[in-house]
Amino acid sequence: MTELPTTGAAPQTAARSDPRLLPEFHRYGRFDAGGCYQCGTCTLVCDQGERFPRRVLRCALLGLREPLSASLDPWLCHDCGTCSVSCPRQADPQSSMQTLRRWLIGRYDWTGLAALFMRSKAAYLAALALVAALSVALVAVYHLLVIMGLSLSWEDLGEFFGASKRPGHVFSRGAPTMMYWVGGAAAAGALLVAGNAVHMWWLAVGRDPAPIGLRHYLAEARTCLVESITQQRMKKCPDKGRRTRHWLLAAAVCAKLVIIVFFLRWFQTSELYPITHPQRWVGYLVAALMLYGTLDVLVGRVRGKREIYRHSEAQDYVFPALVLLIALSGLAVHALRYAGLAHASHYAFMAHFGLGIALLVVELPFGRWSHAIYRPLAIYLQAVKERAAAQAAQGAPAPGEAGEAVSHG
Ligand code: SF4
Ligand code: SF4
């Protein structure tokens, strides 16, 4: 048994050391904390307080699996990289914190898929490709059989893929079907994410023997909302433009999700609008932000000059690449439709649709993009815990008070 360094984790008791934990981290990414000689420089330069980043890294080195599962610290790190730049041993604590976040994503996920995808890029890419291909195939078959009333013969397949006789079959007559597909995929993604978020709460807070009252959760609800919208923790990052770039990309992806889940009928249309129509300009704005945000990340990762992008793995490219392809395929659909190339626009639309579904049901619940859910939730839960602890401390009897009360009794 090992006395654990406190992580802000739920159970603060002695914990078992697991020698398998350290080798396990290496399967999730870089983890060089073994080179650390506890000089404390990283703690001095980190703006997150005295426990960062060493305490959670020490827990990891000691193999304390359960306290680490309960720790919110890796999510409170905003990835500025100052600690890694300052480390005299090149132990790269920032990368270790990233690896811990990936490991935690695997822990939160009930299905085990996130852990698999974090460790194996082949499995991850195969899942994305499979979901995208399956979505396209199912929609194609549905259109062929139900919307167009054709059969699965070679002639009718030729009619579906080759003829321009029915240019509106995807954009107008198929629109309700597409809405059901997208609605179903969005609901599946949201359910998976919600289940994992509940598991995160359980590991970090819910299993604590001293439960936290509902009033503390309600009192801090604003924290979650404000952090999700403003991402203000990144204000402290030395790279001053990072928060703005990150915010613009997040806003563009959220806007795109809102469009495909709630306004698909307005956007998926065979109508050709004049250039002044607001539908076109909303689409152009969202596409431009998606292109800017994803190209900035991809170019940054390829060049590797910014501290946050110094070490990139294959999975780090997937989310920006996927969003970039969604933006490009969306623009292609638009351009081909307005050019009167209905046939080509159907192909482009199917690619656009398959990529969007893969984003919703693979990347959001199981990929690295899930940090968009876990980080604000961790900041919220940490605020709830601190509020409850502060209130408990106020209500606790002063030293000696308890003894006096007994003697008076
Ligand atoms: S600066 Fe490097 S060596 Fe010093 S405590 Fe931090 S990680 Fe360890
Ligand atoms: S990356 Fe930045 S916020 Fe995270 S532990 Fe290092 S210095 Fe602190």
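Since the structure is predicted, the reported quantities are computational estimates derived from the model, not experimental observations. (Residues numbered from 1 in each chain as written. Chains lettered and ligands numbered in written order. Predicted model: local features only at pLDDT ≥ 70, side-chain atom pairs only at ≥ 80, totals over all residues.)

Caption draft 1: Looking closely at the overall build of the protein chain. Looking only at helices and strands, the protein chain features 21 helices and 0 strands. In the protein chain, which comprises 409 residues, the proportion classed as buried is 35%. Considering only intrachain contacts with a sequence separation of at least 6, the fraction spanning at least 24 residues in the protein chain is 74%. (Helix = DSSP H or I, 4+ residues; strand = E, 2+ residues; numbered from the N terminus. Buried ≥ 20, exposed ≤ 12 C-beta atoms within 10 Å, placed from the backbone. Contact = placed C-beta atoms within 7 Å.)

Caption draft 2: Broad picture of the packing of helix 17 (residues 278-303) against helix 18 (residues 314-338). It is at 9 Å that the axes of helix 17 and helix 18 come closest, and there the two elements cross at 145°. Of the two possible hands of crossing, helix 17 and helix 18 adopt the one that is left-handed. For the pair helix 17 and helix 18, contact is made by Gly283, Ala287, Met290, Leu291, Thr294, Leu295, Val297, Leu298 and Arg301 and by Asp316, Tyr317, Pro320, Ala321, Val323, Leu324, Ala327, Gly330, Leu331 and His334, respectively. The residue inventory of the contact of helix 17 with helix 18, partitioned by class, reads 13 nonpolar, 4 polar and 2 charged. (Axes fitted to C-alpha atoms, helices over the stretch in contact; angles between N-to-C directions. Left-handed = near helix turned anticlockwise from the far one by under 90°. Nonpolar A, V, L, I, M, F, W, Y, C, P; charged D, E, K, R; others polar.)

Caption draft 3: Structural view of the site of ligand 1. Taken together, Cys36, Tyr37, Gln38, Cys39, Gly40, Thr41, Cys42, Arg54, Cys87, Arg89, Ala91 and Pro93 make up the full set of residues near ligand 1. Among the residues forming the shell around ligand 1, the class breakdown is 7 nonpolar, 3 polar and 2 charged. (Near = placed C-beta within 6 Å.)

Caption draft 4: Examining helix 17 more closely. In a regular helix each residue adds 1.5 Å, so 26 residues correspond to 38 Å; helix 17 covers 37 Å between its end C-alpha atoms and thus fits that length. Where helix 17 is concerned, the buried positions are Val286, Met290, Gly293, Thr294 and Val297. Looking at the packing, one finds that the buried side of helix 17 touches helix 15 (242-262) and helix 18. Where helix 17 ends, the next residue or the one after it, Gly304, has phi of about 65°, a positive value. (Expected span 1.5 Å × (residues − 1).)

Caption draft 5: View of the site of ligand 2. Neighbouring residues of ligand 2: 15 residues in total, closest Cys46, Pro53, Cys77, Cys80 and Cys83. Listing elements by their share of the shell around ligand 2, those giving two or more residues are helix 6 (82-86) and helix 7 (93-108). By residue number, the principal contributor to the shell around ligand 2 is helix 7, which donates 3 residues. Among the residues forming the shell around ligand 2, the class breakdown is 9 nonpolar, 5 polar and 1 charged.

Caption draft 6: Focus on the nonpolar core. In this structure, Ala60, Val131, Leu322, Ile357, Ala358, Ala378 and Leu381 are the most contacted members of the largest nonpolar core, which totals 81 residues. In terms of residue count, the dominant contributor to this core is helix 19 (residues 342-366) (13 residues). Of the domains in this structure, domain 1 (21-108) and domain 2 (114-388) are the two that each give at least three residues to this core. (Core = buried A, V, L, I, M, F, W, Y, C linked by C-beta atoms within 7 Å. Domains from an automatic or database assignment.)

Caption draft 7: Broad picture of the environment of Lys235. Among the secondary structure elements, Lys235 is positioned in the loop between helix 14 (221-230) and helix 15. What makes Lys235 exposed here is the crowd of 12 C-beta atoms within 10 Å. For the pair Lys235 and His78, spaced 157 residues apart in the sequence, the C-alpha separation amounts to 9.5 Å.

Caption draft 8: Expanded view of the confidence of the model for the protein chain. Confidence along the protein chain averages 82 in pLDDT terms, with 85% of residues attaining 70 or more. Predicted confidence is poor over residues 1-13, with pLDDT under 50, and the contacts of this stretch with residues over four places away or in other chains come to 41 contacts. Here residues 401-409 scores under 50 on pLDDT; set against residues more than four positions off or in separate chains, the count is 1 contact. (pLDDT = per-residue confidence, 0-100.)

Caption draft 9: How the structure looks around the environment of Glu313. Turning to its location among the elements, Glu313 is positioned in the loop between helix 17 and helix 18. For Glu313 and Gly29, which are 284 residues apart along the polypeptide, the C-alpha to C-alpha distance reads 8.1 Å.

Caption draft 10: Just the packing of helix 18 against helix 19, in detail. Between helix 18 and helix 19, the least distance of the axes is 8 Å, while the angle of their chain directions is 155°. For the element pair helix 18 / helix 19, the angle class is roughly antiparallel. Crossing angle aside, the handedness with which helix 18 passes helix 19 is left-handed. Along the contact surface, helix 18 presents Val318, Phe319, Leu322, Leu325, Ile326, Ser329, Gly330, Ala332, Val333, Leu336 and Arg337, while helix 19 presents Ala344, Ser345, Ala348, Phe349, Ala351, His352, Leu355, Gly356, Ala358, Leu359 and Glu363. Among the residues forming the contact of helix 18 with helix 19, the class breakdown is 15 nonpolar, 5 polar and 2 charged. (Parallel < 35°, antiparallel > 145°, perpendicular 65-115°, else oblique.)

Caption draft 11: Examining unusual backbone geometry more closely. Residue Pro53 is bonded to the preceding Phe52 through a cis peptide linkage, with omega at -25°. Inspection of the secondary structure puts Pro53 in the loop between helix 2 (41-45) and helix 3 (54-61). One non-glycine residue with positive phi stands out, namely Asp79, at about 70°. Tracing the backbone shows Asp79 in the loop between helix 5 (73-76) and helix 6. For Asp79, a count of 19 C-beta atoms within 10 Å corresponds to the partly exposed category. Although it is not a glycine, Gln90 adopts a positive phi angle of roughly 50°. By secondary structure assignment, the location of Gln90 is in the loop between helix 6 and helix 7.

Caption draft 12: Fine view of helix 3. For helix 3, the complete set of buried residues consists of Arg54, Val56, Leu57, Cys59 and Ala60. Looking at the buried residues of helix 3, the elements they touch are helix 1 (21-26), helix 2, helix 4 (65-70), helix 5 and helix 7. Gly63 lies just past helix 3 and shows a positive phi near 75°.

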